[in-house]
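# Summary of the model geometry
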Amino acid sequence: MSTQEKPGVNWVAVITMFFLCGMISFVTNLAAPMGVVWKAQPGIDGSNVLGMMGNMMNFLAYFFMGIPGGLLLGKIGYKKTAMVGVALGLIGVAIQFVSGKVPGTETSMIVPFCVYLAGAFIAGFSMCLLNMVVNPMLNLLGGGGNRGNQLNMTGMTFNSLAGTATPMLVGALIGSVSADTKLADLNLVMYIAMAVFAAALVVLSQIAIKDPEQSVTTEKIPILAPLRFRHCLLGVIAIFAYMGVEIGIPATLNLWLADKAGPLMTSGNPDLVKNAATIAGAVAGTYWFLMLVGRIIGAIIGGKVSSRILMAVTTGAAILLIIAGTLATKVMATMPVFTGKGFEMVQVPLTGLLFALCGLCTSIMWPSTFNLATEKLGKYTAAASGLFMTMVVGGGIFPLVQGYLAETIGYMFSYIVPGVMLAYMFLYSVCFSKPEAGIEEKVK
């Protein structure tokens, strides 16, 4: 085929997928700062568990929607699935907005809170469907291979940008939270979210996105059919493990640094003791910032380096960082952290810096694992996407296990959980990620 005959990249569709990547992170990351406001409401009474319920409802939706979403994708295609996802997002955010208008009492806001949780759950359905669309679509729009991997990396960069900006935006809008903070203070945030979804729905309805041949099929694909292929089965397990690694490393790091018996509170340094919680959050936040940096790097090199090599190198490096971090708790290092007033050089245990550096490694693991697990799956790609989305629930399960170990045995010992998960992912990328011989015939 001549150069002139090669099909070009549909950049309108690609940019739309990038936009949806940002939306996923924008809405997902609204849950945590909104939870802070809900905690201050009567009847919630400062409960951290209840404050995190919105976030939990977002992720719980993946478990229920993952497989049905994969079937929907296989039946109606990428564009229509994206439109359904955006519409659900608009509904979910609208319900969360309405929850602030539901009458409560001076002593209890439980009823409005339950309405909010319903909205968060529906918004989670939306995020699940959109995640299901953007990952395979970017890969297929790029023609698969390294170019598809590069577009996925770029999409993840947009995702990280929105994830970094969202809490900053919410913080600027609501200021400090106290018992006097009202749910109406979040109105502008809700308006922005609803406007984003409404605009996306209009844009999607106007552009042409041609579904790849394997995305829509009249053949009924059994839900678990993709698991008959070893590289897909083990890849689905790998994404389950990855979610525990991504969430568990920074969450436990934050808890350790802010703990009353942790290295900052027991340091004897008045500044570290006074600002322990702020420093802990900033160090954990550095992990997420480095994920953004890693995704930018991944987007640049993704067209030249295979997903298999990227996975092997980054999982191996993350294992070394975790081992080194658990051994360096007594060594102090200086690193820049955002303290609320600006960036300052602060002394923290070297462990914090090493664990934060894991963000560079985890940044490329989701798209790389997806590409490896769905390689050459053909008509089974949509069903595999549904299984992937179901496994996002690992982000809730493994950090819970790690938190239990941290509480009962010790924080550093708890890092055996992400360590074991990373070891599995390393073995998957090196030994078990290649499709079996003759798979092309089996997927016809």
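Here, the structure is the one placed above.
Residues numbered from 1 in each chain as written. Predicted model: local features only at pLDDT ≥ 70, side-chain atom pairs only at ≥ 80, totals over all residues. Heavy atoms only, no water.

### A word on the side chain of Ser 99
This is how it is decided: Numbered from the N terminus, helices here are DSSP runs of H or I no shorter than four residues, and strands are runs of E no shorter than two. Polar contacts here mean pairs of N or O atoms no more than 3.5 Å apart (in protein, one a potential hydrogen donor and the other a potential acceptor; neighbouring residues in sequence count only if both atoms are side-chain atoms). Contact definition: two residues touch when any of their heavy atoms are within 4.5 Å.
In this fold, Ser 99 is placed in helix α4 (residues 53-99). At a separation of 2.5 Å, a polar atom in the side chain of Ser 99 contacts the main-chain carbonyl oxygen of Gln 96. Apart from the residues within four sequence positions on either side, Ser 99 is in contact with Trp 38, Pro 112, Val 115 and Tyr 116.

### Brief notes about helix α5 (residues 110-141)
Selection rule: The span one expects for a helix is its residue count, reduced by one, times 1.5 Å. Burial status follows relative accessibility: with a 1.4 Å probe on protein chains alone, a residue under 20% of its type maximum counts as buried, one over 50% as exposed, and anything between as partly exposed.
Over its 32 residues, α5 runs 46 Å from end to end, which matches the ideal 46 Å to within 8%, given 1.5 Å per residue. Counting buried residues in α5 gives 25 out of 32 residues, a clear majority hidden from the surface. Backbone geometry just after α5 places Gly 143 at a positive phi near 85°.

### What about the packing of aromatic side chains?
Applied cut-off: Only Phe, Tyr and Trp rings are paired, with Trp represented by its six-membered ring, and only when their centres lie within 6.5 Å; those with planes under 30 degrees apart are stacked, over 60 edge-to-face, the remainder tilted.
Per the stated rule, a full pass over the model turns up 14 aromatic pairs. When the ring of Phe 121 is compared with that of Phe 125, the centres are 4.8 Å apart and the planes differ by 55°; the resulting orientation is tilted. With a gap of four residues between them, Phe 121 and Phe 125 both fall in helix α5, about one helical turn apart. Like Phe 125, Phe 121 is buried. An aromatic cluster is present here, built from Phe 63, Phe 64, Phe 121 and Phe 125 joined pairwise through their rings.

### Some words on the pattern of salt bridges
Applicable threshold: The salt bridge criterion pairs a side-chain nitrogen of Lys or Arg with a carboxyl oxygen of Asp or Glu, the two atoms within 4 Å.
Summed over the entire model, instances satisfying the criterion amount to one salt bridge. Glu 375 serves as the salt-bridge partner of Arg 308, at 3.2 Å between the closest nitrogen and oxygen. Separated by 67 residues along the polypeptide, Arg 308 in helix α11 (residues 307-327) and Glu 375 in the loop between α13 (365-374) and α14 (381-390) bring together distant segments of the chain.

### With respect to the packing of α13 against α14
Just so we agree on the cut-off: Here an angle of 0 to 180 degrees is reported between the N-to-C directions of two axes, which are lines fitted to C-alpha atoms, with helices fitted over the stretch in contact. Our angle categories are set so that under 35 degrees counts as roughly parallel, over 145 as roughly antiparallel, 65 to 115 as roughly perpendicular, and the remainder as oblique. The handedness criterion is simple: a crossing whose near helix is rotated anticlockwise from the far helix by less than a right angle is left-handed, and one whose near helix is rotated clockwise is right-handed.
Between α13 and α14, the least distance of the axes is 10 Å, while the angle of their chain directions is 140°. With respect to each other, α13 and α14 are oriented oblique. As α13 runs across α14, the sense of the crossing is right-handed. From α13, Trp 366, Thr 369, Phe 370, Ala 373 and Thr 374 reach across to α14, where they touch Thr 381, Ala 384, Ser 385, Phe 388 and Met 389.

### Quick notes on empty space enclosed by the protein
Defined as follows: A cavity here means a set of points on a 1 Å grid, drawn over the protein atoms and nothing else, where a 1.4 Å probe fits but cannot get out; a pocket is an open set with protein on both sides within 12 Å along at least five of seven lines, and a residue lines either one if it has an atom within 4 Å of a point. Grid points are joined across faces, edges and corners, and a volume is the space filled by probe spheres set on the points. In this count, Pro and Cys sit with the nonpolar residues alongside Ala, Val, Leu, Ile, Met, Phe, Trp and Tyr, while Asp, Glu, Lys and Arg are called charged and the others, Gly among them, polar.
Inspection of the entire model under this criterion finds two cavities of 30 Å³ or more. Along its surface, the second largest cavity is lined by Ile 67, Gly 70, Leu 71, Ile 223, Ala 383, Gly 386 and Leu 387. Looking at the lining of the second largest cavity, the elements with two or more residues in it are α4 and α14. Its residues assigned to classes, the lining of the second largest cavity comprises five nonpolar, two polar and no charged.

### Quick notes on a nonpolar patch on the surface
For the record, the criterion: Two joining distances apply to patches: 9 Å for like charges and 5 Å for nonpolar side chains (Val, Leu, Ile, Met, Phe, Trp, Tyr), and every residue must have over 30% relative accessible area and no salt bridge. Note on areas: Shrake-Rupley, 1.4 Å probe, and residue coverage restricted to the protein chains presented here.
A cluster of nonpolar side chains, contributed by Ile 296, Ile 297, Ile 300, Ile 301 and Leu 360, occupies part of the molecular surface with about 400 Å² of accessible area. The dominant element in the nonpolar patch, judged by the number of residues it contributes, is helix α10 (residues 276-301), at four residues. Looking at the secondary structure, you find Ile 301 in helix α10. A relative accessible area of 31% means that Ile 301 is categorised as partly exposed.

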